[in-house]
Every structure is written in structure tokens, then in C-alpha cells.
Amino acid sequence: MIRVKKVIYLVTITVFFLVACQQHSHSKENSKTNTKKTIATIDSSLNIVPYHLMEDHFYRVVGFSSEVEVLLIEQQPEGEQLVQYNLLTGKKKTLYFSKDDIIQAFIHPSMKQILLQTATNEKRATVMILSNTGELLHKFQVKSSEISIVWNPSNANLLALAAFSDDFSYKSYIYESNKEKLHRFQSANPFWTWLTDDSLWMNRMSNNPLNGGTLSIIDWKKNQEIPQSEHKVIYMSSFKQSKIIVTMDFKHEEFQYVLQKGKQKKMWKTPAVSSFSQWFVPEIQWLEDQSMMTLLPMKNGIVDDGEHPFQLVHVTLKGVQNIGQFKNYEPITCSSKGIVCLSGNNYETLIST
């Protein structure tokens, strides 16, 4: 639960889902249960219509497909289905049904397309791109069931993929959906952020991840890596004309955030926290106006060691605005305007800003 602060926003909370699933970073097998239990709900002043679902039919919430609609994945005896649910009307619509397990699902920031990854076996993955009404637009396969996907937030035609082998080696690809072409390129590690249509950001890490890394740009068309001047980098992200880089200040044990749009910059610092022997920076949720929502640590320490508070904030070039406080870290996903967010390991809590 969030302890509400009267700072910038009034935060109203309602429980959207209450399920005893594992965190969705765990395997799907661990998230399934045979318990026949109706999900409990709590009413709120927002007139939200709670979603009712048998616990063993619930897999995960994908995110917002509009300011009032969410996508989620249900498990059925015959397969799995992608469902769109309207929070205000309670209307439910099945957009897509798959006989195979849905391994990953993403909503493009434009909210016009949806990506699904399914797998029929351990050697091949199928990637599908749907319209926001469920129409199949593109489909291709990769020779690996373990793939990492980064969708270009400004151009839905571009996907960066890393396909992993059993020996932890990988192959790097760019998929152009408008041309239906899969391009191979080389990369020193399989994790990237889109910078432009032609380039990806890559953090070339040192042997010790706690030392941070050196930023590089990969020109995937030329298959070329271009080193940059930023060092001690532990996180980076970009959206449209805006970008953010988080570096480590070892002297003061702080994270230093720099948000930049053109020549405008906003910098702030927070206490540094770690998780599983590496620095932990919560994911940034970009909004359509190029502002962002994120969680900021409130004290130094290890996130995995019991209670560790985080602030939910809205950030623009004008400043960092505090919305509320979490007792412990919880993942969040927000609508494109930031009017509502979902938080919790299964995105079971709805927050209205």
C-alpha cells in the first residue's frame, strides 16, 4: 500500500487483482495453480469495475492499451488468450487466442500495436505483431525459445532481438516489420536501448558490474560500434527527442540521473541501492509528452533485505514531483498520459494520479 502524501497529486488506490501468483519474472509453470478461488476486490471512488477471474485462469497483466483499458493474459484449458478489459464499463473482449504458451507480450507506446511471443518447443520462438483490435499484421520465427526483445518506441516497424542458445551465447537481430526482413548484427552484449531508427545504445560493462559501464552506440545498418564519453553508466533510456542516463557517484554512494531533451537538462541524485550483487535502477516509464514516471530509492542498501522504501515520482525538465511512497519496491506500468498506473508484482493495484 502507498502512504499518501499531499504534494502534487492526490493518489487514490483500488485493488484491481488480488492473486497468489508468483512474480512474472518467474517461470510460467511456477505461476500456475489449481486453487479455485475467486479474486477479491475493493471498491473505490473512481467507479472502477473490478475484474473477476478464477485464480488458476490468471497469468499476467500486460499493461494499458488506452487510458481506461488494460490487456491481460488468461489461461484456458485449450490455450491462452489476450483479453482487453475496460476499467470503467467492465466490458471484456478477447483480442487473440493461442494454443501455444504466450511467453512475452508488449504494447507499443503508440498503443496501436501489440507484440506476442509464443513457443511450441524449446528450439524455436514465434513473434507476432497484432493491431490494437487483434488483427495479425506480421509474423516471423527465430531459432531460439529464449529471446530478448526491445521495441523501438518511436517506430513500431523496428524490433531489436537477442536469441540465446543453451550455452548462453546469443545472436543479435533487427526485424523490420514493414519490409518483413530479419537483419543480423554484432554486439558485445545482448541488451540495448533504441536511440534512433539507425542506432542502439549499449552499455559495455566492466568485469565487475558494480563499477558500471561505458556507453556505446551501435549503428546496426553499418554493423559498427561507436564508443561514447559517458562512463560509470548503470542505466540509460530514450524516447523521441528525450533521453536519460544514470551513472554512479562512488564517493557519495549515489545514483546521478541526467534527463536531456536537446540542450535542456535536468539532473538529480538519489541514494544508491543494489539487488543480487548489482546496482538496481527501477525501470523508467516514458509518457507521451516525454515526461516520465519512475520509482526512486529513499535510502542506501540492498533492495532484497526486507523493507526498503521508494518514492513514486513524475519527472519533467522542470523538476521531480513526488506522488507517493511505497514501503517496498513494486514494479509499475502507466497509461500513456500517466493518469493511471498499475503497481505490484502482478500489477494488481490501480493508482489514479
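Above this text sits the structure in question.
Residues numbered from 1 in each chain as written. Predicted model: local features only at pLDDT ≥ 70, side-chain atom pairs only at ≥ 80, totals over all residues. Heavy atoms only, no water.

J.: Outline the pairing of strand β18 (residues 224-227), listing residues and values.
T.: Where strand β17 (residues 213-219) meets β18, 4 bridges bridge the pair, whose relative direction is antiparallel. Pairing of S216 across the sheet is with P227, part of β18. Linking β17 back to β18 in an antiparallel pair, the connection comprises 4 residues, with N223 at a positive phi of about 55 degrees. (Pairing = 2+ DSSP bridges. Helix = DSSP H or I, 4+ residues; strand = E, 2+ residues; numbered from the N terminus.)

J.: If you had to explain the state of the cysteines to someone new, which residues and values would you point to?
T.: Note on terminology: disulfide describes a covalent bond linking the sulfur atoms of two cysteines. Counted under the stated rule, the structure contains 1 disulfide. A disulfide bridge connects C334 with C341, and the sulfur atoms are separated by 2.1 Å. As the torsion about the S-S bond is roughly 100 degrees, the C334-C341 disulfide counts as right-handed. The burial state of C334 is the same as that of C341; both residues are buried. (Disulfide = S-S within 2.5 Å. Buried < 20%, exposed > 50% of the residue type's maximum accessible area, 1.4 Å probe, protein only.)

J.: How would you explain the side chain of T247 if you had to name every residue and give the values?
T.: Mapping T247 onto the fold places it in strand β20 (residues 242-249). The exposure class assigned to T247 is buried, which follows from its relative accessible area of 17%. Apart from residues lying up to four places away in sequence, T247 is in contact with H231, K232, V233, I234, E254, F255 and Q256. (Contact = heavy atoms within 4.5 Å.)

J.: Residues and numbers for the pattern of salt bridges, please.
T.: In total, this model carries 8 salt bridges according to the counting rule given. E74 is the partner of K92 in a salt bridge, and the nearest nitrogen-oxygen pair spans 3.0 Å. Note that K92 is positioned in strand β6 (residues 92-98) and E74 in strand β4 (residues 69-76), a separation of 18 residues in sequence. For K92, a relative accessible area of 46% puts it in the partly exposed group. Overall, E74 belongs to the buried group, its relative accessible area being 1%. Its salt-bridge partner being E254, residue K269 comes within 4.0 Å of it at the nearest N-O pair. (Salt bridge = Lys/Arg side-chain N within 4 Å of Asp/Glu carboxyl O.)

J.: Provide a residue-level description of unusual backbone geometry, including the pertinent values.
T.: Peptide bonds are trans in most cases, and residues, glycine excluded, mostly fall at negative phi. Of note in this structure, E180 is not a glycine but carries a positive phi near 55 degrees. Among the structural elements, E180 can be located in the loop between β13 (170-176) and β14 (181-185). For E180, a relative accessible area of 54% corresponds to the exposed category. Of note, the phi angle at Y347 is positive, near 55 degrees, even though the residue is not glycine. For Y347, the location among the structural elements is in the loop between β31 (340-343) and β32 (349-352).

J.: Describe the packing of aromatic side chains, listing the residues and the values that go with them.
T.: Scanning the model with the defined rule gives 10 aromatic pairs in all. Aromatic pair Y257 and W268: ring centres 5.0 Å apart, planes at 10 degrees, arrangement stacked. Linking Y257 in strand β21 (residues 254-261) with W268 in strand β22 (residues 264-271), this pair joins segments that are 11 residues apart in sequence. With a relative accessible area of 1%, Y257 lands in the buried category. (Phe/Tyr/Trp six-rings, centres within 6.5 Å; stacked < 30°, edge-to-face > 60°.)

J.: Describe the sheet that holds strand β5 (residues 79-86), and please don't skip the residues or the numbers.
T.: Across the sheet, which stays open at both edges, the 4 strands sit in the order β3-β4-β5-β6 with antiparallel pairing between neighbours. In this open sheet, the two strands that pair with only one neighbour each are β3 (58-64) and β6. The sheet shows a mean angle of 25 degrees between the axes of neighbouring strands, taken without regard to direction. Alignment of β4 against β5, held across 8 bridges, turns out to be antiparallel. The partner of Q76 across the bridge, within β5, is G79. (Axes fitted to C-alpha atoms, helices over the stretch in contact; angles between N-to-C directions.)

J.: An account of the environment of E330 is needed here, citing residue identities and associated values.
T.: Along the chain, E330 turns up in the loop between β29 (319-326) and β30 (332-334). Sequence separation of E330 and P282 is 48 residues, and the distance between their C-alpha atoms is 9.1 Å. Within the local environment of E330, its side chain forms a polar contact with the side chain of S343, the two groups lying 3.3 Å apart. A distance of 3.4 Å separates a polar atom in the side chain of E330 from the backbone nitrogen of G344. (Polar contact = N/O pair within 3.5 Å; in protein donor to acceptor, adjacent residues only side chain to side chain.)

J.: Can you explain the sheet that holds strand β11 (residues 147-151)? Please cite residues and give values.
T.: Across the sheet, 4 strands lie side by side as β11-β12-β13-β14; this open sheet has antiparallel pairing. With partners counted over all chains shown, the strands left at the sheet margins are β11 and β14, one partner each. With direction set aside, neighbouring strand axes in the sheet form an average angle of 25 degrees. With 5 bridges joining them, β13 and β14 adopt antiparallel strand pairing. Residue pairing across strands places Y175 opposite L182, the latter belonging to β14.

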